[in-house]
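Observations on the three-dimensional arrangement
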Amino acid sequence: MYQVLIVDDEKKVRQLIRILIDWERLGLHCVGLAESAEQALSILNTQTVDIILTDIRMSSTNGLSLIQNVQKMYPGIRCVIISGYREFDYAHAAMQMHVQSYLLKPINEQELNQVLKQICKELDSRATQRMQNTVLLEQESLLRRNELHTLVSASTSERKMLAIHYPPVGTCYRMLCVHLYPRGEHCLSEYTVQKGKLSLLVRSALQSNGIDHTSVQYESSLYVLIGGDSFVLEESGKQLLRELRACRTLVTVCHVVVSASTTYQDIAMTGDAITQTEYGIRQRLQCGVDQVIYMQGVIPNAPDVGTVLTAERRKTFLRLLEGIQIEQMADWFFGTYQAVRSQAENISELAFVTADQIFSLFRDFWSTLDAQSDWQRLTEQYAAIVDISITARELFDHMENLVRDEMHGYYQKKMETGKKPIHLAKQYICENYADKLTLEDVATLVGMNATYFSVLFKRETGISFLDYVVQVRMNAARELLKTSDDRIGDIAYRVGYTDPRYFSRIFLKTVGLKPTEYRRLHYRIEVSP
């Protein structure tokens, strides 16, 4: 339904026009009756109006001046003049202002409704065209975003085989990658909110500067393909960063990094430009945040992680994992961080590659130790660490916390369930001390890793596995020395020793007396009544 405003300084004329219009059939609604141009403009400020019917000569501002103001302020409104004057000057002025019709008084009802009917058709056609244009723009925008998303989500090699068919308008192109980082753990909640608003903020900033672009959110980064002339693109990264940093809510809780590719003319280079910006985002560990990182030239080859994760360092890491040596992990991670910092070049990339290798080592070994680990959760945690770390030290600190937390959880779980296996192991030793007993065999018997069994056994009993076996055997030997007259060699064999001399040395070391001396002091024979 279209809204009509009637303007005439004579009340009777206003009422007459209102009566003559076939409102219902034409689908029109009278939004107001104004007696002057000033009152009409006041109504326009508060109401939606599609059609104005106005007289020319009125007591104050005339109708032609009203139409001029309307066309400047509300160019979509259709205007019809209803006048009692046939002067050529008025008609000529109306034609120059593209007035839809010039009707003479007395008003002809049929002619009035016919003019309004034609205007309604034009408005319908305009609305249909606007809707079609909107749909086409939305479809093109969707195609643009889908193309860019396909490129962004593809591997580096696959990107070279994909194309952009709907590029932004311009003679040159540039890829921007925007990433936010929380200013501390206390900001994580609001940081998540700001990440959700990032796409809207970037779109608003670029549109306000007349820059055609396509943007897609992928994982934690916003990728923006922009088009324009070389001068516009040269300043685009800095301009976007200024716009984002002007948002006080965002900068209060987030650091911002904008990575900008080189400017290029061949749209087929967009895949390489995406790879450039991703590399640029990773350079934040070395370059810092709250700035634009401009990429120039070819991306260097991946650094040799072997200079940091040497065979010895890897071996130490696995040994600490195996022994659940949680506290020692802090020194290991700090040493690894120092090894990264000691490198002369490409520190950022070396830090990330080293972190990837550490996580792979941890995952591969830990899955054999704790089959119940939630690797989807741990992988997501590691991805979050890579996303939010802004320095190499922070990256390794987060990695250390992830590993230590998982080790601590495993230790607590084993402590809760570990008492039963240790009890079974002690019972087995007490019943089979005469046999050959090894830590590996007993650990396997109770279903535990040998290294962890050794650690848990000592924590539970206060002594090592070997010392506990010796203690049980010596207690059995003392009882036999007290109550039997068996030879020392036979007693040694009965408690698990094949070499009497070795048994005697262990007995002396444990009890403080030789077996013969102990028997002489403690031997007793049960006398039958």
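Residues numbered from 1 in each chain as written. Predicted model: local features only at pLDDT ≥ 70, side-chain atom pairs only at ≥ 80, totals over all residues. Heavy atoms only, no water.

The number of helices and strands found in the protein is 23 helices and ten strands. For the protein, whose C-alpha radius of gyration is 43 Å, the value lies well above the compact-globule estimate of 24 Å for 529 residues. Taken along the three principal axes of its C-alpha coordinates, the protein extends 150 × 60 × 35 Å. Looking at the 529 residues of the protein, the share that counts as buried comes to 44%. For the protein, contacts bridging at least 24 residues in sequence account for 69% of all contacts bridging at least 6. Counting only carbon and sulfur atoms, one obtains 50% of the accessible surface of the protein, whose full area is about 28,300 Å². Between the averaged position of the 58 positive side-chain charges in the protein and that of its 63 negative side-chain charges there is a distance of 6 Å. (Helix = DSSP H or I, 4+ residues; strand = E, 2+ residues; numbered from the N terminus. Rg over C-alpha atoms; globule rule 2.2 N^0.38 Å. Buried < 20%, exposed > 50% of the residue type's maximum accessible area, 1.4 Å probe, protein only. Contact = heavy atoms within 4.5 Å. Areas by Shrake-Rupley, 256 points an atom, 1.4 Å probe, with all protein chains shown as cover. Lys, Arg positive; Asp, Glu negative; His and termini not counted. Charge placed at Lys NZ, Arg CZ, Asp CG, Glu CD.)

Before going further, it helps to examine the state of the cysteines. Using the criterion set out here, one finds zero disulfides in the structure. Not part of a disulfide, Cys287 finds its nearest cysteine sulfur in Cys177, a span of 14 Å. For Cys287, a relative accessible area of 42% corresponds to the partly exposed category. (Disulfide = S-S within 2.5 Å.)

Here we come to unusual backbone geometry. Look at the link from Lys105 to Pro106: it is a cis peptide, with omega at 0 degrees. The backbone of Asp290 sits at a positive phi, close to 60 degrees, despite the residue not being glycine. Considering the arrangement of structural elements, one finds Asp290 in the loop between α12 (284-287) and β10 (291-294). We classify Asp290 as buried; its relative accessible area is 18%.

Another aspect to go through is the layout of surface pockets. In this model, the largest pocket occupies a volume close to 540 Å³. Along the walls of the largest pocket sit 19 residues, with Glu219, Tyr223, Arg282, Val386 and Asp387 positioned nearest its centre. Broken down by secondary-structure element, the contributors of at least two residues to the lining of the largest pocket are β6 (172-182), β8 (221-228), α11 (270-282), α15 (347-369) and α16 (375-388). If you tally residues by element for the lining of the largest pocket, the top one is α16, at five residues. When the residues that make up the lining of the largest pocket are grouped by side-chain class, the tally is eight nonpolar, four polar and seven charged. (1 Å grid on protein atoms, 1.4 Å probe; cavity = no way out; pocket = protein on both sides within 12 Å on 5 of 7 lines; lining within 4 Å. Points joined across faces, edges and corners; volume = space filled by probe spheres on them. Nonpolar A, V, L, I, M, F, W, Y, C, P; charged D, E, K, R; others polar.)

What follows concerns the pairing of strand β9 (residues 254-260). Among the seven residues in β9, seven count as buried, and that is most of the element. Burial of β9 is two-sided: the residues Cys254, Val256, Val258 and Ala260 facing one way and the residues His255, Val257 and Ser259 facing the other way are all buried. Where β6 and β9 come together, seven bridges link them in antiparallel fashion. Residue pairing in the sheet places Leu176 in a bridge with Ala260 of β9. The sheet contact formed by β9 and β10 spans four bridges and is parallel. (Pairing = 2+ DSSP bridges.)

Strands belonging to one sheet form pairs held by backbone hydrogen bonds; the direction of such a pair is parallel or antiparallel. One open sheet holds the five strands; their spatial order is β7-β8-β6-β9-β10, and the pairing between them is mixed. Every interior strand has two partners, whereas the edge strands, β7 (213-218) and β10, have only one. Each neighbouring strand pair of the sheet contributes to a mean axis angle of 20 degrees, computed without reference to strand direction. Bridge count for β7 against β8 is six bridges, and the pairing is antiparallel. Note that in β8 the partner of Thr214 across the bridge is Leu225. Relative to β6, helix α8 (residues 188-208) is tilted by about 160 degrees, and along the sheet it contacts β6, β7, β8 and β9. (Axes fitted to C-alpha atoms, helices over the stretch in contact; angles between N-to-C directions.)

What follows covers the packing of aromatic side chains. According to the stated counting rule, one finds 15 aromatic pairs in the structure shown. Pairing Tyr173 with Tyr264 gives two aromatic rings, centres 6.0 Å apart and planes at 40 degrees, and the pair type is tilted. Of this pair, Tyr173 sits in strand β6 while Tyr264 sits in the loop between β9 and α11, placing them 91 residues apart in sequence. Summarising the burial analysis for this pair, Tyr173 and Tyr264 share the class buried. Seen in terms of ring centroids, Phe359 and Tyr382 are 4.6 Å apart; in terms of plane orientation they differ by 5 degrees. Their pairing is stacked. With Phe359 in helix α15 and Tyr382 in helix α16, this pair connects stretches of sequence that are 23 residues apart. For the pair shown, Phe359 and Tyr382 are each scored as buried. Within the aromatic cluster, the residues linked to one another by ring pairs are Tyr497, Tyr502, Phe503, Phe507 and Tyr518. Directly above the aromatic system of Tyr497 lies the positively charged group of Arg473, at a separation of 5.2 Å from the ring centroid. (Phe/Tyr/Trp six-rings, centres within 6.5 Å; stacked < 30°, edge-to-face > 60°. Lys NZ or Arg CZ within 6 Å of the ring centre and 35° of its normal.)

We now examine the pattern of salt bridges. All told, the structure shown has 16 salt bridges when counted by the stated rule. A salt bridge links Arg159 to Glu278; its shortest N-O distance comes to 2.9 Å. Taken together, the residues span a long stretch of sequence, with Arg159 in helix α7 (residues 156-159) and Glu278 in helix α11 at a distance of 119 residues. Given a relative accessible area of 3%, Arg159 falls into the buried group. The partner of Arg377 in a salt bridge is Glu406, and the shortest N-O contact between them spans 3.3 Å. Taken together, the residues span a long stretch of sequence, with Arg377 in helix α16 and Glu406 in helix α17 (residues 392-432) at a distance of 29 residues. Glu406 gets classed as buried once you look at its relative accessible area, which sits at 11%. What emerges from the salt-bridge pattern is a single network uniting Asp8, Asp55 and Lys105. (Salt bridge = Lys/Arg side-chain N within 4 Å of Asp/Glu carboxyl O.)

Here we come to the side chain of Thr277. Here Thr277 is to be found in helix α11. Overall, the relative accessible area of 0% leaves Thr277 in the buried class. Discounting residues that sit within four places of it in the chain, Thr277 has contacts with Met175, Leu176, Cys177, Tyr223, Ser259, Ala260 and Ser261.

A few words on the nonpolar core. With 58 residues, the main nonpolar core has Phe317, Leu321, Phe333, Phe362 and Phe453 as its most contacted residues. Going through the elements one at a time, α13 (311-322), α14 (329-341), α15, α16, α17, α18 (439-445), α19 (450-461) and α20 (465-483) are the ones with two or more residues in this core. In contact with Phe333, not counting residues within four places along its chain, are Phe317, Ile358, Phe396, Met399, Glu400 and Val403. Membership of the second largest hydrophobic core comes to 25 residues, among which are Leu176, Tyr191, Leu222 and Leu233. (Core = buried A, V, L, I, M, F, W, Y, C linked by side-chain atoms within 4.5 Å.)

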